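Letter by letter, the chains look like this.
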Amino acid sequence: MSSFDKTSLEAGANTKHLKSAHDVDFEDDVHIEKVEAGRNMGDIATSVDNIPISWYVWMVALTASMAGLLFGYDTGVISGATAYMGSDLNNRPITSNEKELVTSLCSGGAFFGAIFAGNTADRQLTQSTKFGRKMAIYIGCALFIIGAVLQAAAYTIAQMSVGRVVIGFGVGAAAMVLPLYVAEIAPAKSRGKLIGLNNMSITGGQVISYAIGAAFASVNHGWRYMVGLGAVPAIILAVLLPFCPESPRHLIYKGREEEARVVLKKIYKGANDLQIDAVQLSIQVACDQAREINDGGTAFSKIKQLHCVPSNLRALISACGLMVISQLSGFNGLMYYSGTIFGTIGFSNPMAVGLVVAGTNFIMTFVNMMVIDTMGRRRLLLSTTWGMSAGMIAIAIAFKWIPFDLESGTLESNSGVPPAAIAVIVFIIWFVVFYGVSVGNTAWMSTDFFPLEVRAMGTMWLTCSNWGSNVIISSCFLSMIQSMTPSGAFGFFAGICGLGWIWLYFFYPEVSGLVLEEVQEVFEHGFGVKYANNLRRERKQIIEERMKCQDKPIAMGH
Ligand SMILES: O[C@H]1[C@H](O)[C@@H](O)[C@H](O)[C@@H](O)[C@H]1O
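Remember, it's a predicted structure, so these values are computed and weren't measured experimentally. (Residues numbered from 1 in each chain as written. Predicted model: local features only at pLDDT ≥ 70, side-chain atom pairs only at ≥ 80, totals over all residues. Heavy atoms only, no water.)

**A short note on the overall build of the protein**
In plain terms, the rule: Going along the chain from the N terminus, every DSSP run of H or I of four or more residues is numbered as a helix, and every run of E of two or more is numbered as a strand. When checking whether two residues touch, look at their non-hydrogen atoms; a contact exists if any pair is within 4.5 Å.
Along the backbone of the protein there are 24 helices and 2 strands. Here the contacts in the protein between residues at least 6 apart in sequence split such that 80% fall between residues at least 24 apart.

Here it is as structure tokens:
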């Protein structure tokens, strides 16, 4: 190991974020020396970012995209499956309530899968188990495969329901563990891109599920192929996994430094020994911090800390609030039931029409990834949520002109697609454009609202708020359409989106471009909307001043 010690790196790492001049009060020369040495070590650690991304890292990216794909595929495929299963379950046509049951059981399973994975993810590190992140992913693959087989072979609602819960458990766990695994493997430079890739693979998985739905629409018992094919990405993931490394963070945590070094050398192919030393040391520091935090209390004390420290509670409300808005906006009602809806309003291959919805969402996920950093999260959200509300109002109005029989759930006349149905599609696409570019993907980014000591717990709540509110929509959507009429139901969602805009205006601060410590500071000042704006302005000024007077060169430490 190089001559730099760990304290130096810690001291250096702690000053890495930008502070205003009056905050920095160094009286101790020795400390300054350590800080500078640490900074140098930190600089060496970050210098590996100039090394081109290796094939090893691409393998990780592929692995991550498989998990996102499974999330998207298994949640999207139910739209076609329920629209085409006819009388295959219990020898009679499936009712609306049963459709809602099998759809929402997956989200319910994911809710518990996320809690399970969230609780074991950190404990796994502190306990004496040899199993790493990869074992959790293998278990996820097994759940995906078992769930797919159970569904494809189902002849009763009961078996289908069990299959959906099993799949849901896998979806929830994978959605939690995979991003964690990728974050621990990927070089800092590509981390953001890989998270974006994960969102794209979720919405991409939904596109594939719709395409497969459309392809098997006219095949006898085609829905069985639709759900059964979900096993394929899980098998690919399980086959790729042995070629992927165990997380170096996990290995270092377990004291398996030599193995970690081998992995780091593969990830940072071409890095010299000093660079690998520096990376290894920075991981060690992070592990020590995590160990301190994990040793510092039980799950209950973390829950208490998250809810009883006012700034943490506000961060939680802000993050989960956006997630709940994204789900209650009604998007997944369209995603999970467009097979049924488009069939009802007269389209002969509803899955092909639904493909346009899923495809638009996929494209807008890409746009979100491209604009989010430059535009800022809050600005993007406020300039798009009104569009979701307007789209829903237009859909509600268009439905007024569709002769829909609520009792039978079919068109009153049989004369093909009514013109108002085309308007419904156009405004659904309008809605999805505004949804996909903003709340749909941005909602997953709020993990940086939580300080390190409660981040794992906060992230788990964030994931649970996603699945919890998802269950409400997936289990009520068709019933709402029947009891409130389609116009009433879409009008209701328009109201939620409108209230969402107001909520975001008051409770969602702009944190883009702020370092983690500053984000925490923001929530110490109420919901910090004004404070964050001032902080960002101040920060911009400091950067400009720094650029003008050029930083003094940093001395080499000993
Ligand atoms: O971010 C994702 C994405 O927007 C999906 O399309 C949607 O089905 C999920 O519910 C959401 O969490």
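Structure shown, so let's carry the discussion forward.
**Section: helix α24 (residues 529-549)**
So the rule is basically this: Given the number of residues in a helix, its expected span is that number minus one, multiplied by 1.5 Å. Remark: exposure states derive from per-residue accessible area (1.4 Å probe, protein chains only) relative to the maximum for the residue type, with buried under 20%, exposed over 50%, and partly exposed in between. This arc corresponds to the set of directions leading from the helix axis out to the C-beta atoms.
For α24, built from 21 residues, the straight-helix expectation of 30 Å at 1.5 Å per residue is met to within 8% by its first-to-last C-alpha distance of 31 Å. For α24, every residue scored as buried is listed here: Val529, Ala532, Leu535 and Arg539. Buried positions in α24, seen along its axis, are confined to an arc of 110° and lie on one side of it. Exposed residues on α24 whose side chains face more than 90 degrees from its buried face are Lys530, Arg537, Lys548 and Cys549. For α24, the secondary structure elements touched by its buried residues are α18 (377-382), α22 (452-507) and α23 (516-523).

**Describing the nonpolar core**
What counts, and what does not: Note on terminology: a nonpolar core comprises buried Ala, Val, Leu, Ile, Met, Phe, Trp, Tyr and Cys residues joined through side-chain atoms within 4.5 Å.
Of all hydrophobic cores here, the largest spans 143 residues; its most connected members are Met160, Phe342, Phe431, Phe477 and Phe490. When residues in this core are grouped by element, the largest group, 18 residues, is from α22. Not counting residues up to four positions away in its chain, the partners in contact with phenylalanine 477 are Glu100, Gly330, Gly333, Leu334, Tyr337, Ile341, Phe490 and Phe493.

**Some thoughts on α23**
Among all positions of α23, only Glu518, Val519, Val522 and Phe523 are buried. Seen along its axis, α23 keeps its buried residues to an arc of 145°; they face one direction. On its buried face, α23 is in contact with α15 (310-328) and α24.

**Let's talk about the site of the ligand**
Short version of the rule: We call a residue near a molecule or strand whenever a single non-hydrogen atom of that residue lies within 4 Å of it. Whenever a nitrogen or oxygen atom comes within 3.5 Å of another N or O atom, the pair is scored as a polar contact, on the condition that within protein one atom can donate a hydrogen and the other can accept it, and that pairs from neighbouring residues in sequence are kept only if both atoms are in side chains. Using a 1.4 Å probe, the Shrake-Rupley method yields the accessible areas, and only the shown protein chains count as cover for residues. Residues are grouped as follows: Ala, Val, Leu, Ile, Met, Phe, Trp, Tyr, Cys and Pro are nonpolar; Asp, Glu, Lys and Arg are charged; every other residue, Gly included, is polar.
Every residue lining the ligand is accounted for by Thr203, Gln206, Gln327, Phe331, Asn332, Asn361, Tyr435, Gly440, Trp444 and Asn466. Separating an oxygen atom of the ligand from a side-chain N or O atom of glutamine 206 is a distance of 2.7 Å. Its free accessible area being 300 Å², the ligand has 99% of it covered by the protein chains. Counting only elements with at least two residues in the shell around the ligand, the list comes to α8 (188-215) and α16 (331-344). Here the shell around the ligand is composed, by residue class, of 3 nonpolar, 7 polar and no charged.

**Looking at the pattern of salt bridges**
As a reminder of what qualifies: Whenever Lys or Arg places a side-chain nitrogen within 4 Å of a carboxyl oxygen from Asp or Glu, that contact is recorded as a salt bridge.
Enumeration over the complete set of coordinates arrives at 6 salt bridges. Note that arginine 92 and glutamate 98 form a salt bridge whose closest N and O atoms lie 2.6 Å from each other. With a closest N to O distance of 3.9 Å, lysine 265 and aspartate 273 form a salt bridge. For aspartate 273, a relative accessible area of 47% gives the class partly exposed. Several salt bridges converge on common partners, so that one network encompasses Arg261, Lys265, Asp273 and Asp277.

**Quick notes on the state of the cysteines**
Test applied: Disulfides are defined in this document as cysteine sulfur pairs within 2.5 Å.
Summed over all chains, the structure comprises 0 disulfides. Cysteine 141 takes part in no disulfide bond, and the closest cysteine sulfur to it belongs to cysteine 244, at a distance of 11 Å.

**Structural notes on unusual backbone geometry**
Even without a glycine there, the phi angle at asparagine 90 is positive, about 55°. Counting through the fold element by element, asparagine 90 comes out in the loop between α4 (78-84) and α5 (96-126). In this structure, asparagine 91 takes a positive phi of about 55° despite not being glycine.

**Focus: the confidence of the model for the protein**
One rule of thumb: low pLDDT means the predicted coordinates there are not for detailed reading. Stated precisely, the cut-off is as follows: Known as pLDDT, the predictor's confidence for each residue is given on a scale from 0 to 100.
Predicted confidence across the protein gives a mean pLDDT of 85, with 84% of residues reaching 70 or more. Contacts of residues 1-27 to residues separated by more than four positions or lying in other chains number 53 contacts, the stretch itself having pLDDT below 50. Every residue in residues 554-558 scores below 50 in pLDDT, and together they form 14 contacts with partners more than four places removed in sequence or on other chains. The ipTM, which scores confidence in the relative placement of chains, is 0.98 for this predicted complex, and the corresponding pTM is 0.84.

**Description of the packing of helix α14 (residues 299-308) against α15**
Quick reminder of the rule: Convention adopted: a line fitted to C-alpha atoms gives each axis, helices being fitted over their contacting stretch, and angles between N-to-C directions are expressed from 0 to 180 degrees. Should an angle fall under 35 degrees it is taken as roughly parallel, and over 145 as roughly antiparallel, whereas 65 to 115 is taken as roughly perpendicular and any remaining angle as oblique.
It is at 5 Å that the axes of α14 and α15 come closest, and there the two elements cross at 85°. The pairing of α14 with α15 is recorded here as roughly perpendicular in orientation. Across the interface between the two elements, Gln305, Leu306, His307 and Cys308 of α14 pack against Pro310, Asn312, Leu313 and Leu316 of α15.

**Focus: the packing of aromatic side chains**
In plain terms, the rule: For Phe, Tyr and Trp, where Trp contributes only its six-membered ring, two rings pair if their centres lie within 6.5 Å, and the inter-plane angle classes them as stacked under 30 degrees, edge-to-face over 60, or tilted in between. Whether a charge sits over a ring depends on NZ of Lys or CZ of Arg being within 6 Å of the ring centre and within 35 degrees of the ring normal.
Applying the stated criterion across every chain, the model contains 24 aromatic pairs. Look at tryptophan 55 and tyrosine 56: their rings are 5.1 Å apart centre to centre, the planes differ by 85°, and that puts the pair in the edge-to-face class. For the pair tyrosine 505 and phenylalanine 506, a centre-to-centre distance of 5.2 Å together with 85° between the ring planes defines the contact as edge-to-face. Looking at tyrosine 505, the relative accessible area reads 39%, which means it is partly exposed. Three or more aromatic residues joined by ring pairs make a cluster, and in this case those are Tyr337, Phe399, Phe477, Phe490, Phe492 and Phe493. One Lys or Arg, arginine 224, reaches over the ring of tyrosine 155 and ends 4.2 Å from the middle of that ring. The aromatic ring of tyrosine 505 is capped on one face by arginine 378, whose charged end is 5.4 Å from the ring centroid.

**As for the packing of α16 against helix α20 (residues 419-437)**
Definition in use: It is the rotation of the near helix from the far one that decides the hand of a crossing: anticlockwise by less than a right angle makes it left-handed, clockwise makes it right-handed.
Running from N to C, α16 and α20 point in directions that differ by 160°, and their axes come no closer than 12 Å. With respect to α20, the element α16 is oriented roughly antiparallel. At the point where α16 passes α20, the crossing takes the left-handed sense. Listed contacts from α20 to Phe331, Leu334 and Phe342 of α16 are Ile425, Ile428, Phe431, Val432 and Tyr435.

**Things to note about the side chain of lysine 99**
Stated formally: Under the convention used here, Asp and Glu are negative, Lys and Arg are positive, and both His and the chain ends fall outside the count.
Within the secondary structure layout, lysine 99 lies in helix α5. The side chain of lysine 99 sits in the buried core without any salt bridge; glutamate 98 is the nearest counter-charge, 9.5 Å away. Residues contacting lysine 99, with those up to four places away along its chain left out, are Thr82, Ile94, Tyr337, Thr340 and Leu478.

**Here we look at the environment of alanine 398**
Looking at the element boundaries, alanine 398 is found in helix α19 (residues 385-399). Take alanine 398: its relative accessible area is 8%, and that puts it in the buried class. A sequence separation of 128 residues divides alanine 398 from glycine 270, and the C-alpha atoms of the two residues are 60 Å apart.

**Some words on a nonpolar patch on the surface**
We apply this condition: In this scheme, patches are assembled from residues that exceed 30% relative accessible area and form no salt bridge. Like charges are connected within 9 Å, while nonpolar side chains (Val, Leu, Ile, Met, Phe, Trp, Tyr) are connected within 5 Å.
Among the surface-exposed residues, Leu499, Ile502, Tyr505 and Phe506 lie close enough to one another that they form a single nonpolar patch of about 420 Å² accessible area. Tracing the sequence through the fold places phenylalanine 506 in helix α22.

**Notes on the environment of isoleucine 252**
One can find isoleucine 252 in helix α11 (residues 248-253). With residues up to four places along the chain from it excluded, the contact list for isoleucine 252 reads Glu257, Ala260, Gln280, Ile283, Gln284 and Cys287.

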